[in-house]
Amino acid sequence: MLFRHQLKTAFTGLKTNKSRSVLTILGIVIGITAIILIMSLGQGAQKLILSQVEGLGSNTIAIIPGREPKGPSDFANIFLDSLKERDLEILKSKSNLPYARDIMPVVFGPARLSYGSETYQSTVFGGGSAEQENLIARMFDLETETGEFFGASDVQSKSSVAIIGSKVKKELFGNFSALGEKVKIGNHSFRVVGTLPSKGQVSFFNFDEMVIVPYTTAGQYILGRKHFDRIIVTAEDETKIDQTVRDITSALRQSHNITDPSKDDFFVETQADLAERLGTITSVLTAFLTAVASISLFVGGIGIMNIMLVSVTERTREIGLRKAVGATMKDILTQFLLESIILTLVGGVIGIIAGTTLSFVLSLILSAQLGNAWEFTFPVQAAVLGLVVSASVGLVFGIYPARIASKKSPIEALRYE
Amino acid sequence: MSFLTVQNISKRYENEGVVTSALGSISFSVRKGEFIAVMGPSGSGKSTLLHILGLLDDASSGRYEFDGIEVASYTENEKAEIRNKKIGFVFQSFNLLPKTSVYENVRLPLLYSSIPQTEWGKKTKDAISAVDLSDRIFHESSQLSGGEKQRVAIARALVTGPEVIFADEPTGNLDSVSGKTIMKILRDLNEKKGHTILLITHETYTAEHAERIIRLKDGNLKSDIKVTRRFRAEEFIK
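Here the structure is a predicted model, which is why all the values come from computation and not from measurement.

Notes on the overall build of chain A
Across its full length, chain A holds 13 helices and 12 strands. By the compact-globule yardstick of 22 Å for 417 residues, chain A is too spread out, its C-alpha radius of gyration being 32 Å. Taken over 417 residues, chain A has a buried fraction of 49%. Restricting the contact set of chain A to residue pairs at least 6 apart, pairs at least 24 apart contribute 77%. Taken as two groups, the 40 positive and 39 negative side-chain charges of chain A have centres that lie 12 Å from each other.

Thoughts on the nonpolar core
Counting residues in hydrophobic clusters, the biggest one holds 108 residues, and the most contacted among them are Y64, F66, I154, F166 and L186 of chain B. Ranked by residues supplied to this core, first place goes to helix α11 (residues 329-370) of chain A with eight residues. Ignoring sequence-local partners within four residues, the contact set of I154 of chain B consists of V90, V131, I182, I185, L186 and L189 of chain B. By size, the runner-up hydrophobic cluster in this structure holds 61 residues, among which are L88, V106, L135 and I185 of chain A.

Describing the domain arrangement of chain A
Examined at the domain level, chain A breaks down into domain 1 (3-53 + 276-415) and domain 2 (83-264). Computed over C-alpha atoms only, the centres of domain 1 of chain A and domain 2 of chain A are separated by 53 Å.

Remarks on the sheet that holds strand β9 (residues 212-217) of chain B
All names here are of chain B. In spatial order, the strands read β6-β7-β8-β3-β9-β10; together these six strands make up an open sheet with mixed pairing. A single partner strand is all that each edge strand has here, and the edge strands are β6 (87-90) and β10 (220-226). Taken pair by pair, the neighbouring strands of this sheet meet at an average axis angle of 15°, ignoring direction. The pairing of β6 with strand β7 (residues 164-168) spans four bridges and is classified as parallel. When the bridges of β7 are listed, I87 appears paired with V164. Where helix α2 (residues 76-86) meets the sheet, it contacts β6 and β7, and its direction lies at approximately 75° from that of β6.

Examining the packing of aromatic side chains
Per the counting criterion, the structure on display carries 12 aromatic pairs over all chains. Seen in terms of ring centroids, F140 of chain A and F207 of chain A are 5.3 Å apart; in terms of plane orientation they differ by 65°. Their pairing is edge-to-face. In this pair, F140 of chain A is assigned in helix α4 (residues 135-140) and F207 of chain A in the loop between β9 (205-206) and β10 (210-214), connecting sequence segments 67 residues apart. Exposure class is identical for F140 of chain A and F207 of chain A. Each is buried. On the basis of an interplanar angle of 55° and a centroid distance of 5.4 Å, the ring pair of F3 of chain B and F66 of chain B is categorised as tilted. Highlighted residues: F3 of chain B in strand β1 (residues 2-15) and F66 of chain B in strand β4 (residues 61-66), separated in sequence by 63 residues. For the pair F3 of chain B and F66 of chain B, one class covers both residues: buried. In this structure an aromatic cluster arises from ring pairing among F125, F140 and F207 of chain A. Cation over ring: K240 of chain A sits above Y99 of chain A, and NZ or CZ is 5.2 Å from the ring centre.

Concerning helix α4 (residues 120-130) of chain B
Buried within α4 of chain B are the following residues: W120, G121, T124, A127 and I128 of chain B. Around the axis of α4 of chain B, the buried residues are gathered within 140° of arc, so they sit on the same side. Residues of α4 of chain B that are buried sit in contact with α1 (3-15) of chain A together with α3 (102-111) and α5 (146-158) of chain B. Just beyond α4 of chain B, the residue with positive phi is D132 of chain B, at close to 65°.

A word on the side chain of S178 of chain B
Residue and element names in this part refer to chain B. You can see S178 is positioned in helix α6 (residues 176-191). We classify S178 as buried; its relative accessible area is 15%. At 2.8 Å, the side chain of S178 and the side chain of D175 are in polar contact.

Examining helix α7 (residues 215-222) of chain A
Residues and elements named next belong to chain A. Burial runs high along α7: six of the eight residues are buried. Among the residues of α7, Y215, T216, T217, A218, G219 and I222 are the ones counted as buried. Residue G224 follows α7 closely and has a positive phi angle near 65°.

Side note on the environment of I52 of chain B
All names here are of chain B. Structurally, the position occupied by I52 is in helix α1 (residues 46-53). Along the primary structure I52 and I9 are separated by 43 residues, whereas in three dimensions their C-alpha atoms are 9.1 Å apart. With residues up to four places along the chain from it excluded, the contact list for I52 reads I9, K11, L23, D57, D58, A59 and Y64.

What to know about the environment of E181 of chain A
All names here are of chain A. Structurally, E181 can be placed in the loop between α6 (166-173) and β6 (182-185). Judged by its relative accessible area of 29%, E181 falls in the partly exposed class. Not counting residues up to four positions away in its chain, the partners in contact with E181 are Y115, F173, F190, R191 and V192. There is a polar contact of 2.8 Å between the side chain of E181 and the side chain of Y115.

Observations concerning the interface of chain B and chain A
Taken together, the contacts link 24 residues of chain B with 24 residues of chain A. Roughly 2200 Å² of surface becomes buried between chain B and chain A when both sides are summed, with 60% attributable to carbon and sulfur atoms. Viewed at the interface, chain A and chain B are joined by zero salt bridges. Inspection of the chain B/chain A interface yields eight residue pairs in polar contact (both at pLDDT 80 or more). Among the secondary structure elements, those contributing two or more residues to the side of chain B that touches chain A are α2 and α3 of chain B. Here the side of chain B that touches chain A gets five residues from one element, more than from any other, and that element is α3 of chain B. The residue inventory of the side of chain B that touches chain A, partitioned by class, reads 12 nonpolar, six polar and six charged.

Considering a positive patch on the surface
A surface patch of like charges, here positive, comprises R4, K8, K15 and K18 of chain A together with K99 of chain B. Looking at the positive patch, the element that brings in the most residues is α1 of chain A, giving three residues. Here K8 of chain A lies in helix α1.

Notes on the pattern of salt bridges
Residues and elements named next belong to chain B. Under the counting rule described, the total for this entry stands at 29 salt bridges over all chains. Between E148 and R136 there is a salt bridge, and its shortest N-O distance comes to 2.7 Å. Of this pair, E148 sits in helix α5 while R136 sits in the loop between α4 and α5; the two residues are 12 residues apart in sequence, bridging distant segments of the chain. R136 gets classed as partly exposed once you look at its relative accessible area, which sits at 24%. Of the charged contacts in the structure, one is a salt bridge between R187 and E191, with a shortest N-O distance of 2.8 Å. Residue R187 and its partner E191 are located together in helix α6, separated by four residues, close to a single helical turn. Assessed through its relative accessible area of 3%, R187 is described here as buried.

Cut-offs used in this document
Residues numbered from 1 in each chain as written. Chains lettered and ligands numbered in written order. Predicted model: local features only at pLDDT ≥ 70, side-chain atom pairs only at ≥ 80, totals over all residues. Heavy atoms only, no water. Helix = DSSP H or I, 4+ residues; strand = E, 2+ residues; numbered from the N terminus. Rg over C-alpha atoms; globule rule 2.2 N^0.38 Å. Buried < 20%, exposed > 50% of the residue type's maximum accessible area, 1.4 Å probe, protein only. Contact = heavy atoms within 4.5 Å. Lys, Arg positive; Asp, Glu negative; His and termini not counted. Charge placed at Lys NZ, Arg CZ, Asp CG, Glu CD. Core = buried A, V, L, I, M, F, W, Y, C linked by side-chain atoms within 4.5 Å. Domains from an automatic or database assignment. Pairing = 2+ DSSP bridges. Axes fitted to C-alpha atoms, helices over the stretch in contact; angles between N-to-C directions. Phe/Tyr/Trp six-rings, centres within 6.5 Å; stacked < 30°, edge-to-face > 60°. Lys NZ or Arg CZ within 6 Å of the ring centre and 35° of its normal. Arc of directions from axis to C-beta. Polar contact = N/O pair within 3.5 Å; in protein donor to acceptor, adjacent residues only side chain to side chain. Buried area = accessible area lost by both parts, 1.4 Å probe. Salt bridge = Lys/Arg side-chain N within 4 Å of Asp/Glu carboxyl O. Nonpolar A, V, L, I, M, F, W, Y, C, P; charged D, E, K, R; others polar. Patch = residues over 30% accessible without salt bridge, like charges linked within 9 Å, V, L, I, M, F, W, Y side chains within 5 Å. Areas by Shrake-Rupley, 256 points an atom, 1.4 Å probe, with all protein chains shown as cover.

What follows is the structure, encoded as structure tokens:
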């Protein structure tokens, strides 16, 4: 029997039971929709993260205290206080880091802000440089809306000056001017010297909700510690990144008396490293969610098998007749197998369309929320995968009912009432 | 030379260890172009015999030659091919495909045949016109009367140009007028086109269209006699 006619026969079989066919493929539709949605959103998240990382400037290198996490179980971070003022001085030496342009220590931690009766739970960001002006502004591409950034002299003298993010300003001051006002951070009083415009997320820091102070002041009066949470170094240009990373590593190892690299109490992360690590996290998450969604495909497949078995029983006489007029076992097997594959493939196509539409709508919502940072991508891989998987579900779960159909004896089948 | 030959054919069914005998030991032969009626009360093994002769079922023992070749030597696929090419079936309950047109129902055996597709249309239309249903060609089978349905079934049996037609109580579900039409068609096929016909019936007046009547009882051959006063074809035109 020609394949074209096999296909037509299968289609006719499905058409005679339209509503049942539609209900049967729902499981497949839902499964494929979920997979497409998850994979598309996963890709979008990955792109977003990459663009955020790039927002920090690709020449940026972060030195992070503690041992580098090697796997998901490396939660217990030790040596968190390994980066000290002495390390900063060593790194600042041109002979140690010949290709570094800027170096800035960063401290951060939670802090409670108050102004009059208003309070706001914020994050304090301590940065700046005792030698260079406008280092924070340059590194994070920030500008003040009112007032100005504190200068190097403020860092040297541990001035109690603060620049507040747009949300902090709104919470504490409403529509009134904040410049020159005194706010309390913890128990220490700070003078507001600048406010930031609303910028949203800038490379993982939401400056809208932060208060920026000199790192010296933050360390002494707010956080009460002398070690840094990061030292951020920018290389002169991209070609010098690797060299600078090596320079940093050897300088710090020497300073910390470390000979065995596995005993490092710090790690150096470039933007490329960061992008890769975050990419891995989203990939793992996407894979996990996809696996969960596949359960629905499995359940859908069982539904298909169930309905095909019912259909085979119902059409016992038809099978008998077809055999009587010359259909071979293979003809009958192919007919029922094609029916289930067509069912799942149609379900797959509907799922791909639904999943793509949903993820497109979601990406519109997300980009409205995140300020155009979210980009919709048609998940080509996921669509191809969806088609292959749905056809395989039809094949795998259709083969048992189809075999039962093909093995029916023609007389038993014709006698069946 | 005989076309169908059965020698000591028997059929036993085993169901949960209980053996029931459907056919004892039957022998007879059928010439090409013969019109034979098989009669007997229900349970006498008529249908079982027809299924074995039609290659739908295997005998438990004995020898059956179809067109000179022993059937036991055929594989399932070969039997399917013979059913397609050389045998046409007409059943009491029509067995048409639901929600399918007359045309498609009649064409069905061609889908499984080796006849080139270019000839399908003509063969199908010819078979439909042979049972005088050309005006109903694109009607759905469910829109037809019982007699018309059985004519569709006959057209379907004819479409591949088989040598023998097995009809299992073809008039059993029909009123007498429709029944007569069906018998006239079968008679014409036998007399004008030379098809061998094996008809199962329990009505004597239907059986008397045949040249020979084989009677079965309890799975055994009771009699095998030539019809002396055969119904003349003209008689039912009245």
